[in-house]
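Chain by chain, the residues run as shown.
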Amino acid sequence: MTCYGRVEADGRLVTAFCNCGWTEEHGSWEAAQRAASRHPAPKPVMCATCGYEPPPAVFEDFERGVLATREDFDDRLTALHMAFDGAHYANWWEVGE
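Okay, the sheet that holds strand S3 (residues 23–26) next. Spatially, S1-S2-S3 is the arrangement adopted by the three strands of the open sheet, whose pairing is antiparallel. Single-partner strands in this sheet number two, and they are strand S1 (6–10) and S3. Sheet twist, expressed as the mean angle between neighbouring strand axes with direction ignored, is 25 degrees. Here S1 pairs with strand S2 (residues 13–17) via five bridges, running antiparallel. Paired with Asp10 across the two strands is Leu13, which belongs to S2. Sheet contacts for helix H1 (residues 29–37): S1, S2 and S3; angle to S1, the most-contacted strand, approximately 155 degrees.

Written out as C-alpha coordinates, the structure reads:
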(Lines give C-alpha, C1' and ligand atoms only; values in the text may rest on other atoms or scores of the structure.)
Protein backbone atom coordinates (compact mmCIF):
# COMPACT_ATOMS: atom_id res chain seq x y z
CA MET A 1 0.00 0.00 0.00
CA THR A 2 1.32 3.43 -0.91
CA CYS A 3 0.75 6.15 1.65
CA TYR A 4 -0.72 9.41 0.46
CA GLY A 5 -1.48 12.10 3.03
CA ARG A 6 -4.67 14.12 2.53
CA VAL A 7 -6.57 16.86 4.40
CA GLU A 8 -10.27 17.27 5.18
CA ALA A 9 -12.14 19.89 7.17
CA ASP A 10 -15.19 19.22 9.35
CA GLY A 11 -16.35 22.48 10.85
CA ARG A 12 -13.48 23.94 12.87
CA LEU A 13 -11.53 20.69 13.02
CA VAL A 14 -9.03 19.98 10.23
CA THR A 15 -7.71 16.45 9.91
CA ALA A 16 -4.67 15.20 8.03
CA PHE A 17 -5.08 11.50 7.24
CA CYS A 18 -3.89 8.64 5.07
CA ASN A 19 -5.26 5.36 3.74
CA CYS A 20 -2.77 3.54 6.03
CA GLY A 21 -4.76 4.63 9.09
CA TRP A 22 -2.58 7.59 10.16
CA THR A 23 -4.51 10.68 11.34
CA GLU A 24 -3.61 13.98 12.99
CA GLU A 25 -6.03 16.72 14.02
CA HIS A 26 -5.01 20.35 13.57
CA GLY A 27 -6.46 23.76 14.27
CA SER A 28 -5.71 25.14 10.80
CA TRP A 29 -5.77 23.99 7.20
CA GLU A 30 -2.12 25.06 6.75
CA ALA A 31 -0.90 22.99 9.70
CA ALA A 32 -2.78 19.94 8.44
CA GLN A 33 -1.33 20.40 4.95
CA ARG A 34 2.21 20.54 6.40
CA ALA A 35 1.58 17.34 8.34
CA ALA A 36 0.15 15.56 5.28
CA SER A 37 3.09 16.64 3.12
CA ARG A 38 5.51 15.09 5.64
CA HIS A 39 3.72 11.72 5.79
CA PRO A 40 4.88 8.98 5.88
CA ALA A 41 7.87 9.54 8.12
CA PRO A 42 10.98 8.05 6.54
CA LYS A 43 12.63 4.95 7.94
CA PRO A 44 16.32 4.01 7.57
CA VAL A 45 16.92 2.50 4.13
CA MET A 46 19.71 1.04 2.04
CA CYS A 47 20.04 0.37 -1.67
CA ALA A 48 19.63 -3.37 -2.23
CA THR A 49 21.69 -3.14 -5.43
CA CYS A 50 24.87 -1.42 -4.19
CA GLY A 51 24.49 -1.35 -0.39
CA TYR A 52 24.50 2.46 -0.10
CA GLU A 53 23.01 3.74 3.16
CA PRO A 54 22.17 7.45 3.41
CA PRO A 55 23.79 9.29 6.33
CA PRO A 56 21.70 9.71 9.50
CA ALA A 57 21.93 13.50 9.04
CA VAL A 58 19.42 13.30 6.17
CA PHE A 59 16.81 11.74 8.46
CA GLU A 60 17.65 14.28 11.19
CA ASP A 61 17.17 17.14 8.70
CA PHE A 62 13.69 15.80 7.91
CA GLU A 63 12.79 15.51 11.60
CA ARG A 64 13.97 19.10 12.25
CA GLY A 65 11.98 20.41 9.29
CA VAL A 66 15.03 21.40 7.22
CA LEU A 67 13.52 19.25 4.46
CA ALA A 68 9.98 20.62 4.34
CA THR A 69 8.16 17.74 2.64
CA ARG A 70 8.51 14.02 2.09
CA GLU A 71 9.12 14.82 -1.59
CA ASP A 72 12.09 17.04 -0.62
CA PHE A 73 13.45 14.18 1.50
CA ASP A 74 13.06 11.67 -1.35
CA ASP A 75 14.79 14.09 -3.75
CA ARG A 76 17.72 14.44 -1.33
CA LEU A 77 18.04 10.64 -1.06
CA THR A 78 18.04 10.33 -4.85
CA ALA A 79 20.73 12.99 -5.23
CA LEU A 80 22.95 11.37 -2.58
CA HIS A 81 22.56 7.95 -4.16
CA MET A 82 23.31 9.24 -7.66
CA ALA A 83 26.47 10.93 -6.32
CA PHE A 84 27.50 7.61 -4.73
CA ASP A 85 26.62 5.31 -7.64
CA GLY A 86 25.10 6.96 -10.70
CA ALA A 87 25.12 3.69 -12.64
CA HIS A 88 21.66 2.65 -11.45
CA TYR A 89 18.55 3.98 -9.76
CA ALA A 90 18.22 3.30 -6.07
CA ASN A 91 16.45 0.11 -5.05
CA TRP A 92 15.52 1.22 -1.51
CA TRP A 93 14.76 -1.35 1.17
CA GLU A 94 14.04 -0.56 4.79
CA VAL A 95 16.95 -1.56 6.98
CA GLY A 96 15.98 -4.70 8.89
CA GLU A 97 13.56 -6.09 6.30
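Here we take up the pattern of salt bridges. The tally for this structure, following the rule as stated, stands at three salt bridges. Asp61 is paired through a salt bridge with Arg64; the nearest N and O atoms lie 2.6 Å apart. With a gap of three residues between them, Asp61 and Arg64 both fall in helix H2 (residues 56–64), about one helical turn apart. You can call Arg64 exposed: its relative accessible area is 58%. Salt-bridge contacts for Asp74 lead to Arg70; the nearest nitrogen and oxygen are separated by 3.1 Å. Here the residue Asp74 and the residue Arg70 both occupy positions in helix H3 (residues 70–84), the gap between them amounting to four residues, near one helical turn.

Turning our eyes to something else, we now look at H1. Of all the positions in H1, only Ala31, Ala32, Ala35 and Ala36 are classed as buried. Along H1, the residues classed as buried sweep out an arc of 135 degrees about the axis, all on the same side. Next to the buried residues of H1 lie S1, S2 and S3.

Reading guide: rules and limits
- Residues numbered from 1 in each chain as written.
- Predicted model: local features only at pLDDT ≥ 70, side-chain atom pairs only at ≥ 80, totals over all residues.
- Heavy atoms only, no water.
- Pairing = 2+ DSSP bridges.
- Helix = DSSP H or I, 4+ residues; strand = E, 2+ residues; numbered from the N terminus.
- Axes fitted to C-alpha atoms, helices over the stretch in contact; angles between N-to-C directions.
- Contact = heavy atoms within 4.5 Å.
- Salt bridge = Lys/Arg side-chain N within 4 Å of Asp/Glu carboxyl O.
- Buried < 20%, exposed > 50% of the residue type's maximum accessible area, 1.4 Å probe, protein only.
- Arc of directions from axis to C-beta.

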